[in-house]
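Chain by chain, the residues run as shown.
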Amino acid sequence: MTDAKNADLRRRTAEQLPLAFTHDPASGRDDLLVADPLTAAVRIVDSWPHWPSPVVILAGPVGSGKSHLASIWAERCGATSIHPVAGSNAAIAAANGPIVFEDVDRLGFDDTELFHVINSARENGTSLLMTTRLWPMSWPVTLPDLRSRLKAATVVEIGEPDEELLSQVIVKLFADRQLYIDDKLVLYIVNRMERSLNAAQLIVDRLDRLALGRGTRITRLLAAEVLNELGSSDQPG
């Protein structure tokens, strides 16, 4: 076997080894990166308990920061996580304090149970925060009373992340791993990646793993390989 083949085999074997390292992403309020797409959502979370209505819905694409905000809010007010399906007793939880229901459009719900949850929150002076990729008008609601309750909720849209926010997020994700990369490399990645926070997470994670597996620095060449692997554009967007 040639030296080149041996090197390639060692590289591939190293990449397949389970990593002994972990990182702890900073996810508190002080670690939240605030830019225009997130401003309204951050403002509503920070303004609790002085909400305009007992029910607030954060709507935005995958990886837009909904879960981070929901986590911050839940920690601040001691909210209980619920999934309002038949027999879940979610309405009882709503009577006892703030509740959070994440990924509404993905997990689904029972119309009657969610209706009772909202009523319980209203009657007992508590709060309900929901996160979703789709606006409530697109949810498959058949119960007219629930539809009416949802229309009265405060809906806050989280926009697609812009270049500034993506750059900040990438820097933060690397910092969470005790890694610091050149601003030019950050810009190179941002200009060629999918415009989502989820994509930023995937790219940073893959770069970190490859660099560790190969024992190399994170370079533009490595970034180009990862972007190509994940299907990102080779041309600036």
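Look up a bit, the structure's there.
First, a word on what this report is: a plain description of the structure on this page. (Residues numbered from 1 in each chain as written. Predicted model: local features only at pLDDT ≥ 70, side-chain atom pairs only at ≥ 80, totals over all residues. Heavy atoms only, no water.)

### Looking at the side chain of Glu-113
Keep this limit in mind: Strands here are runs of E lasting at least two residues and helices are runs of H or I lasting at least four, both read from the DSSP assignment and numbered beginning at the N terminus. Here's how the labels work: a residue is buried when its accessible area is under 20% of the maximum for its type, exposed when over 50%, partly exposed in between, all with a 1.4 Å probe on protein chains only. For this count, His and the chain ends are skipped, Lys and Arg are scored as positive, and Asp and Glu as negative. For this analysis, a salt bridge means a side-chain nitrogen from Lys or Arg found within 4 Å of a carboxyl oxygen belonging to Asp or Glu. Residue contacts are defined here by distance: any two heavy atoms, one from each residue, within 4.5 Å place the two residues in contact.
Tracing the chain through its elements places Glu-113 in helix 6 (residues 111–124). Here Glu-113 sits buried without a salt bridge, and the closest side chain of opposite charge, Arg-149, lies 14 Å off (N-O distance). If we ignore the near neighbours within four places in the chain, the residues touching Glu-113 are Pro-84, Val-85, Ser-88, Asn-89, Ala-90 and Ala-91.

### Considering helix 3 (residues 66–77)
What counts is decided by this rule: Each residue after the first adds 1.5 Å to the expected span of a helix.
Helix length check: helix 3 (twelve residues) gives 17 Å between terminal C-alpha atoms against 16 Å at 1.5 Å per residue, within 8%. Among all positions of helix 3, only Lys-66, Leu-69, Ala-70, Ile-72, Trp-73, Ala-74 and Cys-77 are buried. Each element contacted by the buried residues of helix 3 is listed here: helix 2 (39–47), strand 1 (55–59), strand 3 (99–101) and strand 4 (128–132). Within two residues after helix 3, Gly-78 carries a phi angle of roughly 70°, on the positive side.

### A short note on empty space enclosed by the protein
The condition that has to hold: A pocket, in this scheme, is an open set of points on a 1 Å grid over the protein atoms alone with protein on both sides within 12 Å along at least 5 of 7 lines, while a cavity is a set where a 1.4 Å probe fits but cannot get out; residues line either one if an atom lies within 4 Å of a point. Grid points are joined across faces, edges and corners, and a volume is the space filled by probe spheres set on the points. Classes in brief: Ala, Val, Leu, Ile, Met, Phe, Trp, Tyr, Cys and Pro nonpolar; Asp, Glu, Lys and Arg charged; the others, Gly included, polar.
Going through the model one piece at a time under the given rule, you end up with one cavity of 30 Å³ or more. If you add up the space inside the largest cavity, you get close to 50 Å³. Tallied by class, the residues present in the lining of the largest cavity amount to five nonpolar, one polar and two charged.

### Quick notes on the sheet that holds strand 1
Counted only if it meets this: By this definition, two strands are paired if DSSP reports at least two bridges between them. Only the contacting stretch of a helix is used when fitting its axis, a line to C-alpha atoms as for every element, and angles between N-to-C directions run 0 to 180 degrees.
Reading across from one edge, 2-3-4-1-5 is the order of the five strands in this open sheet, with parallel pairing throughout. Every other strand in the sheet has two partners, leaving strand 2 (80–81) and strand 5 (154–157) as the edge strands with one partner each. Relative to strand 3, strand 2 runs parallel, the two sharing two bridges. Each bridged residue has a counterpart across the sheet, and for Ser-81 the counterpart in strand 3 is Val-100. Against the sheet, helix 3 engages strand 1, strand 3 and strand 4, with an angle of about 165° to strand 4.

### Details of the packing of aromatic side chains
So the rule is basically this: Classification of ring pairs uses Phe, Tyr and Trp, with its six-membered ring standing for Trp, and accepts pairs whose centres are within 6.5 Å; under 30 degrees between planes counts as stacked, over 60 as edge-to-face, and the remaining range as tilted.
Considering all chains together, one arrives at three aromatic pairs under this definition. Taken together, a centroid distance of 6.1 Å and an interplanar angle of 90° make the contact between Trp-48 and Trp-73 edge-to-face. Of this pair, Trp-48 sits in the loop between helix 2 and strand 1 while Trp-73 is found in helix 3, placing the two residues 25 residues apart along the sequence. Aromatic side chains Trp-51 and Trp-73 sit 5.2 Å apart centroid to centroid with 20° between the ring planes, which places their arrangement in the stacked category. Within this pair, whereas Trp-51 is found in the loop between helix 2 and strand 1, its partner Trp-73 is found in helix 3, the two being separated by 22 residues in sequence. For Trp-73, a relative accessible area of 0% gives the class buried. Feature note: the residues Trp-48, Trp-51 and Trp-73 constitute an aromatic cluster, connected by ring pairs.

### A closer look at the pattern of salt bridges
Inspection of the entire model under this criterion finds nine salt bridges. With its nearest N and O atoms 3.2 Å apart, the salt bridge here joins Asp-208 to Arg-177. Separated by 31 residues along the polypeptide, Asp-208 in helix 10 (residues 197–214) and Arg-177 in the loop between helix 8 (163–176) and helix 9 (183–190) bring together distant segments of the chain. Like Asp-208, the residue Arg-177 is buried in the burial classification. Between Glu-229 and Arg-206 there is a salt bridge, and its shortest N-O distance comes to 2.8 Å.

### A look at the environment of Val-156
Topologically, Val-156 is positioned in strand 5. The spatial distance from the C-alpha of Val-156 to the C-alpha of Ala-59 is 6.1 Å, given a sequence separation of 97 residues. Excluding its chain neighbours within four sequence positions, the residues that come into contact with Val-156 are Ala-40, Ala-41, Ile-44, Ile-57, Leu-58 and Ala-59.

### What to know about the pairing of strand 5
The alternating pattern of strand 5 places Thr-154 and Val-156 on a buried face, while none of Val-155 and Glu-157, on the opposite face, is buried. Summarising the sheet, strand 1 and strand 5 pair through four bridges and their orientation is parallel. By the bridge assignment for strand 5, Ile-57 is matched with Val-155.

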